[in-house]
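Listed here are the chains, written in short residue letters.
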Amino acid sequence: MKIFTKLLFFIFITNLCLADNIEKDSTKNDDKQRFLGIAAGISFNTVRDFGTSPLLYSGIFPGFQLEFSHSGKGNLFNYKFKNQKGNYIRATDDRVYSASGNIFELRLSYFRQLYYGEKRFANQYLGGSIGNYSEIRVNSAFMNAAFVFDNISSLWFNYKVEKKYTKRARQRNIFNIIKYKRKERTYIFSTEVSMPIYSLIYRPGYNYIGNATVNNDKILQDYKIYNSFFSGLSTDISFTRLWKNGNAIKYSYYWNASLIARRFENEVNSSKHFFTITLIYNLKSNEN
Amino acid sequence: MKIKYLHIFIISLTIFLCSCEAYLFESDPENSPKNNFEHLWNDVNHKYSFFDVKNINWDSIYVIYNSKIRDRMNDTELFNVMADMLNELKDGHVNLISPFNISSYDITSLGKQNINTRVIKENYLKDDYYTTGSFVHNFIANDRIGYIRYSSFDASQITEYELDFIINRYKYTDGLIIDIRQNGGGYVTNVFKLIGRFSSSEKFLYKTQIKSGSGKNDFSDFEDVYSPKTDKIKYLGKNVAILTDRGTYSASSYFALCTYAYDNIFIVGDTTGGGLGLPNGGQLPNGWTYRFSITRTLATDGNNYENGIPPDYTVILSDSDIAEGKDNIIEFAVTKLISGY
């Protein structure tokens, strides 16, 4: 884990140094833009909750995502809400164990564009996010300990690189038989690396069942709050094709790995590989 | 830099980071007999809540059963060793669950089955009994006593309507018998609903705590538990007899324990099976699951009755009375109720 922390810290410091040398750049994107994205996709998730099992469970989770972003004067704001629902499976030699999972994630991000002059190759952004992640898992094989609710609020550090490029229109032919003219196409290639700097975790205490013999109305008995620093890593790669009407379609791959409540007895290992297709509506151009 | 190099760089970076997932996470533990045994022993060692009450030296249990673990033992042999180890806890809330067998400690075998359901049905409930939810009930002793057979706290959640109906039906009787013999427990919430109908004031029932760390004495602070306040109809000013035996376990034992707080409720029969700890679940490296108790409870008198709640009046079912069609435990309770306890 330390190597990743160092890597991100290096990127962060490097960019802060570069940010100090910001030049007034006539090419910076001052256009105010507003986009709404609606995404659907499929995620390959894994989880291991040491509070109940030393085994890694994995599963396919269909999911959707709503995304709103607006930008202007080198600032980029992005708000995302994700939901995934599916089943974690673990097959042993003689039986298959299953845990249902329901994931909700809200993330509010801010990025500041870094300028390196007119000849910069790609736009770079530094920023931060606040996010809340909730997951409900139910594994009936654990009987009274079947139900687990995890809630994690995190402060993230983000670094993003974005390259916009255009393929010009040209005449093409296939096997000298089919001739066609390829229209001009514009793409945005983007990648983002994020790390949760600090996380506040609300999840079961030492035992997962809570003391139900206490006659009160508490739903989450004996839950505790944990603190965690640098508890994971995530990347988000996307490839966007812009249409002439200002709308776009985006193909994304999001990866996240988390060590929740690290160094506590009931640590949780969790990862997600979320592939999505997003339809992006340019709200500003549609208004026009 | 050309676009294609950027693509290659980004994709390479992503593949590198994703491949680090394996580096970030521990690999699954080896599925060996030794590992499974160690995992189970350690989890019980850290979390089980009744070592002191049951006077069990878990370290010496380790020495005995660890010597029986061999690398090449098959699943059945491994299961039997681990099940025998768990049964040393003498706890009905302890199970090892594999695809081919479930281990359990039969708490009911500690005492005689103190009930004959056929005699109860033929000579006490008779043909015109009522079934209200999970309760089976009727008038007995010339309609002076209400007899309620409650065979499981697990069958369903008791509704307020059911309790209203039953208490209304028996409100003019001289006393009530609630028969929870061979009731293996179920929802603890049903305990509170039922006990709340026997007092107009809030009563301190017991105090409880949960294991909060790996040390033997790492428990949460005690929490006092009180009977619920309810404005529903109640059975007040009359005595109530609770019938128990060794098969009265878990939530049923909780119910019996709660009656210690009530002066007008007494217990007749045999000591209950105990089970005053909530069982927590877990999983072994080979996938088998297990459960054991991780809470403990003290009665209003400060005692831990995990090994069984003694009755106020010990009455064991008489074979000769049964042969005559009588349940001497019910008869004893009726006499006590009519004579004013």
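Look up: the structure comes first, before these words.
These numbers come from a predicted model, not from an experiment.

Inspection of the entire model under this criterion finds 24 salt bridges over all chains. A salt bridge links Arg149(B) to Asp179(B); the shortest N-O distance between them is 3.3 Å. Of this pair, Arg149(B) sits in strand β5 (residues 145-150) while Asp179(B) sits in strand β6 (residues 175-179), and the two are 30 residues apart along the sequence. Of the two residues examined, Arg149(B) and Asp179(B), each falls in the buried class. By sharing partners, the salt bridges in this structure join Asp49(A), Glu135(A), Arg137(A), Asp150(A) and Arg203(A) into a single network.

The next thing to look at is the interface of chain A and chain B. Of the residues lining the interface, 53 residues belong to chain A; the matching set on chain B comes to 58 residues. Buried surface at the junction of chain A and chain B, summed over both partners, amounts to about 4700 Å²; 63% is from carbon and sulfur atoms. Counting across the chain A and chain B interface gives 2 salt bridges. Of the charged contacts in the structure, one is a salt bridge between Asp28(B) and Arg48(A), with a shortest N-O distance of 2.8 Å. For the pair chain A and chain B, the interface holds 11 residue pairs in polar contact (both at pLDDT 80 or more).

The next subject is helix α3 (residues 33-47) of chain B. Every α-helix winds through 3.6 residues per turn, so residues three or four apart in the chain are directed the same way. All names here are of chain B. Here α3 spans 21 Å end to end across 15 residues, near enough to the 21 Å set by a 1.5 Å rise per residue. Those residues of α3 lying buried are Pro33, Asn36, Phe37, Glu38, Leu40, Trp41, Asp43, Val44, Asn45 and Lys47. Buried residues along α3 sit against α4 (51-54), α5 (58-66), α6 (75-87), β11 (279-283) and β12 (289-293).

Let us now look at the side chain of Asn269(A). Along the chain, Asn269(A) turns up in strand β13 (residues 268-282). A polar contact of 2.9 Å, which involves the side chain of Asn269(A), links it to the side chain of Glu267(A). Leave out the neighbours within four places in its chain, and Asn269(A) touches Thr46(A), Val47(A), Arg48(A), Phe50(A), Ser258(A), Leu259(A), Phe25(B) and Glu26(B).

Thresholds, definitions, all that
- Residues numbered from 1 in each chain as written.
- Chains lettered and ligands numbered in written order.
- Predicted model: local features only at pLDDT ≥ 70, side-chain atom pairs only at ≥ 80, totals over all residues.
- Heavy atoms only, no water.
- Salt bridge = Lys/Arg side-chain N within 4 Å of Asp/Glu carboxyl O.
- Helix = DSSP H or I, 4+ residues; strand = E, 2+ residues; numbered from the N terminus.
- Buried < 20%, exposed > 50% of the residue type's maximum accessible area, 1.4 Å probe, protein only.
- Contact = heavy atoms within 4.5 Å.
- Buried area = accessible area lost by both parts, 1.4 Å probe.
- Polar contact = N/O pair within 3.5 Å; in protein donor to acceptor, adjacent residues only side chain to side chain.
- Expected span 1.5 Å × (residues − 1).

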